[in-house]
Amino acid sequence: MSQRMQGQPMVIMSEDSERVKDEDAQSRNIAAAQAVAESVRSTLGPKGMDKMLVSSMGDVTVTNDGVTILDEMDINDPTAEMIVEVAETQEDEAGDGTTTAVAIAGELLQNAEDLLEQDIHPSTVIKGFHLASEQARQEVDEIATEIDTDDEEILRSVAETSMTGKGAELNKEHLSNLIVSAVRQITVEGDNGEPVVDLEYLKMETQTGGAVEDSEMLEGAIIDKDPVHDNMPRSVADADVMLLSQAIEVEETDVDTEVSVADPDQLQQFLDREEEQLKEKVQQIVETGADVVFCQKGIDDLAQHYLAKEGILAARRVKKSDIEFLSEVLGANIVSDLSEASSDDLGYGDVSRDEDNDTFHVTGDNAHGVTLLLRASTDHVVDEIERGVSDALDVVASTVADGRVVAGGGAIEVELAKRLRDYADSVEGREQLAVESFADAVELVPRVLSENSGLDPIDMLVDLRAAHSEGQVRAGIDIENNDVTDTLEAGVVEPAHAKKQAISSATEAANLVLKIDDIISAGDLTTEGDEDEGDMPAGGGMGGMGGGMGGMM
Ligand code: ADP
Ligand code: MG
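Here the structure is a predicted model, which is why all the values come from computation and not from measurement.

## Brief notes about the overall build of the protein chain
(1) Moving on: When its secondary structure is counted, the protein chain shows 18 helices and 21 strands.
(2) Moving on: Taking all 553 residues of the protein chain together, 51% fall into the buried category.
(3) Moving on: A separation of at least 24 residues holds for 75% of the contacts in the protein chain among residues at least 6 apart in sequence.
(4) Moving on: Total accessible area on the protein chain stands at roughly 26,200 Å², and carbon and sulfur atoms take up 43% of it.

Below you can see the structure in the form of structure tokens.
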């Protein structure tokens, strides 16, 4: 036995590293997670406020969108980052409900802290939360209402509910009409006859300068490019279109070869060769029969001239995403090597010039692609509208796919809380307390919705619970009239799928945080790349978030 083992502790960590254990670790993590939840809470619901985010580059974003806020916040604390991931998962899986998911995660952790203080072991809390979450998901299935996915009115309600509180709100009627029409255009029948929404066939474009009411849905694609040459046609009806991912330029000779020219003849020969190469490329295009070329890369001046002489319309440096969308719209292959191109690769449709906006409007002959063209007065407005519409598109698409909705405005949450409390009675042991805590946490949604609307959250919750105990499953908050109403009837409708996802992502995040009883970090407790906070003591690691959030709360 070495001496060390008898007396002194064995040192296994470097001097710089820090360690926080047990309760300290837990309360530090819970505080960090709550700070994140706190930062988005005030944006929840139709009367939620917006946040102004100023990046280190000075770019300003004004938004109400949970995941956007958290993404831009430059969060620098490992635990807080885990909560941000909840928002990202929610965004990926459901497209909406990010604020709800994060707020519930924060509330779960706050309630967990109370349980831990009563000496309930974290693993008991984790188990109870897990049971409650599984039960809640089953209950959502029970409570959810099946809809007819051809019922455009209910789909519009889903879109409007998702847009409430966002910049899109003021024009939500017009926009939800567009969204529902667009989704229906790109809904196809799946193998088993079920509706499948393929969002690949939909593209959003934004233009500033117009009014939101001028936003429209167009068949096909909008390409924000000019013809490369003045002598080219500007519109081509019944066009054969080539999509090219290769440049129409002279291929660079080997980088290392130097061309040494001894006399003027040789120089001329060299230039002639380049010219030949370009001519050949244009000839290859002509031979496929293309009338229009959308090229993702550059087009040499000389090639532009030859193309114009052939009467071919060409645009260069078209965005990759546009080329890909065009290939859906036109049914064209993307050509990556001109020498192998043939007429089989071309797509068919109309290319027309919109001279007012300097764009091409491309429609395909057997088109199923649509473009949502969003207009608004300024960049900030159009960006926020785009985020609102994008969330709404996702939820309408998932509603069409899933076919089930729940009543919003806190109705589903109060009903879930009620059912979870009943369920808690059947749970043995201390886990029961965790299930009850979980039920309380879910009721955060109606509480915060009331708070954010200037209503008294306690009175409202009392009324809501009373309605639900009388069997009014869809009783939620009527925000305008400070009253309780059947929110599904009132058109406050959310997809069941998004609710289930919000519950499970919130639970997973909370449980992940609760499992940690030991924080060992090399250096301070902020993540990499934040030199100016290098001396932060462990307990103050939260300060790592200060930079991002200080101005916001
Ligand atoms: P999230 O990021 O979680 O989607 P939102 O700010 O979009 O957050 O708020 C969603 C919540 O607002 C949901 O609980 C929804 O039911 C509620 N809500 C939306 N519109 C209304 C309305 N008109 N009346 C009451 N509640 C509403
Ligand atoms: Mg929302």
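## Things to note about the packing of aromatic side chains
(1) Moving on: Going through the model one piece at a time under the given rule, you end up with 2 aromatic pairs.
(2) Moving on: Ring geometry for Phe 129 versus Phe 438: centroids 5.9 Å apart, planes at 65°, classification edge-to-face. Taken together, the residues span a long stretch of sequence, with Phe 129 in helix H6 (residues 122-143) and Phe 438 in helix H14 (residues 431-442) at a distance of 309 residues.
(3) Moving on: When the centroid spacing of 5.9 Å and the interplanar angle of 70° are considered together, the rings of Phe 294 and Phe 360 count as edge-to-face. With Phe 294 in strand S11 (residues 292-295) and Phe 360 in strand S15 (residues 359-364), this residue pair connects regions lying 66 residues apart in the sequence.
(4) Moving on: Judged by its relative accessible area of 1%, Phe 294 falls in the buried class.
(5) Moving on: Its relative accessible area of 0% is what places Phe 360 among the buried residues.
(6) Moving on: The ring of Phe 360 carries the charged tip of Arg 353 above its face, separated from the ring centre by 4.5 Å.

## Describing the sheet that holds strand S8 (residues 216-219)
In sheet architecture, strand pairing relies on hydrogen bonds along the backbone and comes in two forms, parallel and antiparallel.
(1) Moving on: Across the sheet, which stays open at both edges, the 3 strands sit in the order S7-S16-S8 with mixed pairing between neighbours. Each end of this open sheet is capped by a strand with a single partner; those strands are strand S7 (202-208) and S8. Recorded for the sheet is a direction-independent mean angle of 25° between the axes of neighbouring strands.
(2) Moving on: By the bridge criterion, 4 bridges tie S8 to strand S16 (residues 370-376) in an arrangement that is antiparallel. When the bridges of S16 are listed, Glu 216 appears paired with Leu 373.
(3) Moving on: Sheet strands in contact with helix H11 (residues 320-330) are S7 and S16, and its direction is about 130° off that of S7.

## Side note on the sheet that holds strand S4 (residues 145-146)
(1) Moving on: Sheet architecture is open: 3 strands sit in the order S4-S17-S20, paired in antiparallel fashion. The sheet is open, and its two edges are formed by S4 and strand S20 (493-495), each paired on a single side.
(2) Moving on: One ladder, built from 3 bridges, connects strand S17 (residues 404-407) with S20; its direction is antiparallel. By the bridge assignment for S20, Ala 407 is matched with Val 493.
(3) Moving on: Each of S17 and S20 is contacted by helix H7 (residues 152-163), which is oriented at about 95° to S20, the strand it contacts most.

## Considering the environment of Tyr 423
(1) Moving on: By the element assignment, Tyr 423 lies in helix H13 (residues 411-424).
(2) Moving on: Overall, the relative accessible area of 18% leaves Tyr 423 in the buried class.
(3) Moving on: Each C-alpha atom of the pair Tyr 423 and Glu 436 lies 8.9 Å from the other, and the pair is 13 residues apart in sequence.
(4) Moving on: Leave out the neighbours within four places in its chain, and Tyr 423 touches Leu 131, Gln 135 and Val 435.

## What to know about the site of ligand 1
(1) Moving on: Surveying the vicinity of ligand 1 reveals 21 residues, the closest of which are Asp 96, Thr 99, Thr 100, Gly 409 and Glu 494.
(2) Moving on: In this structure, Thr 98 approaches ligand 1 through a main-chain N or O atom, which is 3.3 Å from an oxygen atom.
(3) Moving on: In this structure, Glu 494 approaches ligand 1 through a side-chain N or O atom, which is 2.7 Å from an oxygen atom.
(4) Moving on: In the complex, the protein chains occlude 92% of the 580 Å² of accessible area that ligand 1 would expose alone.
(5) Moving on: Elements with a contribution of two residues or more to the shell around ligand 1: helix H5 (98-117) and helix H15 (444-452).

## What to know about the nonpolar core
(1) Moving on: Ile 83, Phe 438 and Leu 514 are the most contacted members of the largest nonpolar core, which totals 68 residues.
(2) Moving on: Top element by residues in this core is H5. It accounts for 10 residues.
(3) Moving on: Not counting the four nearest positions on each side in its chain, Leu 514 is found in contact with Gln 26, Ile 30, Leu 109, Ala 112, Leu 116, Pro 122, Val 125, Ile 126 and Phe 129.
(4) Moving on: Counting residues in each nonpolar core, the second largest holds 43 residues, with Val 228, Leu 244, Ile 285 and Cys 295 among its members.

## Topic: the pairing of strand S3 (residues 60-63)
(1) Moving on: Side chains Thr 61 and Thr 63 project from S3 onto a buried face, and the interleaved Val 60 and Val 62 project onto a face without burial.
(2) Moving on: Across 4 bridges, the pairing between strand S2 (residues 51-54) and S3 is antiparallel. Across the sheet, the residue bridging to Val 54 is Val 60, located in S3.

## Looking at the environment of Asp 291
(1) Moving on: By the secondary structure assignment, Asp 291 is in the loop between helix H9 (264-288) and S11.
(2) Moving on: With 22 residues separating them in the primary sequence, Asp 291 and Leu 313 have C-alpha atoms 6.3 Å apart.

## Regarding a negative patch on the surface
(1) Moving on: A cluster of acidic residues, Asp 59, Asp 71, Glu 72, Glu 85, Glu 88, Asp 92 and Glu 93, forms a negative patch at the surface.
(2) Moving on: Within the residue set of the negative patch, elements represented by two or more residues are helix H3 (66-72) and helix H4 (78-94).
(3) Moving on: When residues of the negative patch are assigned to their parent elements, the largest contribution, 4 residues, is made by H4.
(4) Moving on: With respect to the helices and strands, Glu 85 occurs in helix H4.

## Some points on helix H17 (residues 496-515)
(1) Moving on: Between the first and last C-alpha of H17 there are 29 Å, a value that for 20 residues agrees with the 28 Å anticipated at 1.5 Å per step.
(2) Moving on: Most of H17 sits out of view: 16 of its 20 residues are buried.

## Digging into unusual backbone geometry
(1) Moving on: Unlike most non-glycine residues, Asp 119 shows phi in positive territory, near 65°.
(2) Moving on: Of note, Asp 119 is situated in the loop between H5 and H6.
(3) Moving on: A relative accessible area of 66% places Asp 119 in the exposed class.
(4) Moving on: Its identity as a non-glycine residue notwithstanding, Asn 482 has a phi of 45°, on the positive side.
(5) Moving on: Structurally, the position occupied by Asn 482 is in the loop between strand S18 (475-478) and strand S19 (483-486).

Criteria and cut-off values
Residues numbered from 1 in each chain as written. Chains lettered and ligands numbered in written order. Predicted model: local features only at pLDDT ≥ 70, side-chain atom pairs only at ≥ 80, totals over all residues. Heavy atoms only, no water. Helix = DSSP H or I, 4+ residues; strand = E, 2+ residues; numbered from the N terminus. Buried < 20%, exposed > 50% of the residue type's maximum accessible area, 1.4 Å probe, protein only. Contact = heavy atoms within 4.5 Å. Areas by Shrake-Rupley, 256 points an atom, 1.4 Å probe, with all protein chains shown as cover. Phe/Tyr/Trp six-rings, centres within 6.5 Å; stacked < 30°, edge-to-face > 60°. Lys NZ or Arg CZ within 6 Å of the ring centre and 35° of its normal. Pairing = 2+ DSSP bridges. Axes fitted to C-alpha atoms, helices over the stretch in contact; angles between N-to-C directions. Near = heavy atom within 4 Å. Polar contact = N/O pair within 3.5 Å; in protein donor to acceptor, adjacent residues only side chain to side chain. Core = buried A, V, L, I, M, F, W, Y, C linked by side-chain atoms within 4.5 Å. Patch = residues over 30% accessible without salt bridge, like charges linked within 9 Å, V, L, I, M, F, W, Y side chains within 5 Å. Salt bridge = Lys/Arg side-chain N within 4 Å of Asp/Glu carboxyl O. Lys, Arg positive; Asp, Glu negative; His and termini not counted. Charge placed at Lys NZ, Arg CZ, Asp CG, Glu CD. Expected span 1.5 Å × (residues − 1).

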